[in-house]
Amino acid sequence: MKYCFTTLAVGEPYEELTAKLYTSLREKTQNCEFFITTNNPELQNQGDRIHTKLVNPPLYDSRGGFNFNLNLKVLSLKHILE
């Protein structure tokens with residue numbers, strides 16, 4: 001049986017946690033593919049079973065705070081379908 005893991009890693013701490021998760025999973029199983037959708041080009045080329053897609057999501061400052069459109073989570077699922 002093959003497994004597929006996907007995640008959206010935009011900004012800290014998500015980028016760091018994603019790298020740790022995929023490093024851990026890569027060591028534990030050989031029957032899976034990893035898909036990372038991110039805006040950080042440094043997360044590319046992590047391994048042969050890790051597929052990354054770079055996106056440029058709209059991040060904006062609202063009333064002095066960081067605001068992120070939670071609907072962007074579908075980008076990680078769209079990456080698998082492509």
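Residues numbered from 1 in each chain as written. Predicted model: local features only at pLDDT ≥ 70, side-chain atom pairs only at ≥ 80, totals over all residues. Heavy atoms only, no water.

Asker: Help me understand the sheet that holds strand β2 (residues 32–38) in this model?
Answerer: Neighbouring strands of a sheet are bound in pairs by backbone hydrogen bonds; such pairs are parallel or else antiparallel. Within the open sheet, the three strands sit side by side as β1-β2-β3. Their pairing is parallel. If you trace the sheet from one side to the other, it starts and ends with β1 (3–9) and β3 (50–54), each paired once. Between one strand and the next, the sheet's axes are offset by a mean angle of 15°, whatever the strand orientation. Taken together, the five bridges between β2 and β3 define a ladder with parallel strand orientation. Bridge pairing in β3 links T37 to K53. Of the strands in this sheet, β1, β2 and β3 are in contact with helix α1 (residues 14–28), which crosses β1 at around 165°. (Pairing = 2+ DSSP bridges. Helix = DSSP H or I, 4+ residues; strand = E, 2+ residues; numbered from the N terminus. Axes fitted to C-alpha atoms, helices over the stretch in contact; angles between N-to-C directions. Contact = heavy atoms within 4.5 Å.)

Asker: Could you clarify how one ought to interpret the nonpolar core in this entry?
Answerer: In summary, soluble globular proteins display a tendency toward joint burial of nonpolar side chains. In terms of nonpolar packing, the biggest core is built from eight residues, these being A9, Y22, L25, C32, F34, I36, L43 and I50. When contributions to this core are tallied by element, the ones reaching two or more residues are α1 and β2. Setting aside chain neighbours within four positions, we find F34 in contact with F5, Y22, L25, R26, R49, I50 and H51. (Core = buried A, V, L, I, M, F, W, Y, C linked by side-chain atoms within 4.5 Å. Buried < 20%, exposed > 50% of the residue type's maximum accessible area, 1.4 Å probe, protein only.)

Asker: Mind showing me how you'd approach the pairing of β2 here?
Answerer: Extensive coverage of β2 is indicated by the burial of six of its seven residues. Relative to β2, β1 runs parallel, the two being bridged by seven bridges. By the bridge assignment for β2, F5 is matched with F34. Crossover β1 to β2 through α1 is right-handed. (Right-handed = clockwise from strand over helix to strand, strands pointing away.)

Asker: What's the story with the packing of aromatic side chains in this structure? I'm lost.
Answerer: A ring pair, where both rings are aromatic, is described by two values, the distance of the centres and the angle of the planes. Scanning all chains against the criterion turns up two aromatic pairs. Between Y22 and F34, the aromatic rings sit 5.0 Å apart at their centres with planes inclined by 80°, giving edge-to-face as the arrangement. On the criterion of sequence distance, the pair formed by Y22 in helix α1 and F34 in strand β2 is long-range, its members being twelve residues apart. The buried category is assigned to Y22, whose relative accessible area is 2%. (Phe/Tyr/Trp six-rings, centres within 6.5 Å; stacked < 30°, edge-to-face > 60°.)

Asker: Looking at this structure, I do not really get the environment of H51. What am I missing?
Answerer: With respect to the element layout, H51 can be found in strand β3. Overall, H51 belongs to the partly exposed group, its relative accessible area being 30%. Placed 14 residues apart in sequence, H51 and T37 show a C-alpha to C-alpha distance of 8.5 Å.

Asker: Looking at this structure, how should I read α1?
Answerer: Taking 1.5 Å of rise per residue, the 15 residues of α1 would be expected to cover 21 Å, and the 21 Å separating its terminal C-alpha atoms lies within 8% of that figure. For α1, the complete set of buried residues consists of E15, T18, Y22 and L25. Around the axis of α1, the buried residues are gathered within 100° of arc, so they sit on the same side. Along α1, the residues that are exposed and aim more than 90 degrees away from the buried face are K20, E27 and K28. Where α1 is buried, its residues contact β1, β2 and β3. (Expected span 1.5 Å × (residues − 1). Arc of directions from axis to C-beta.)

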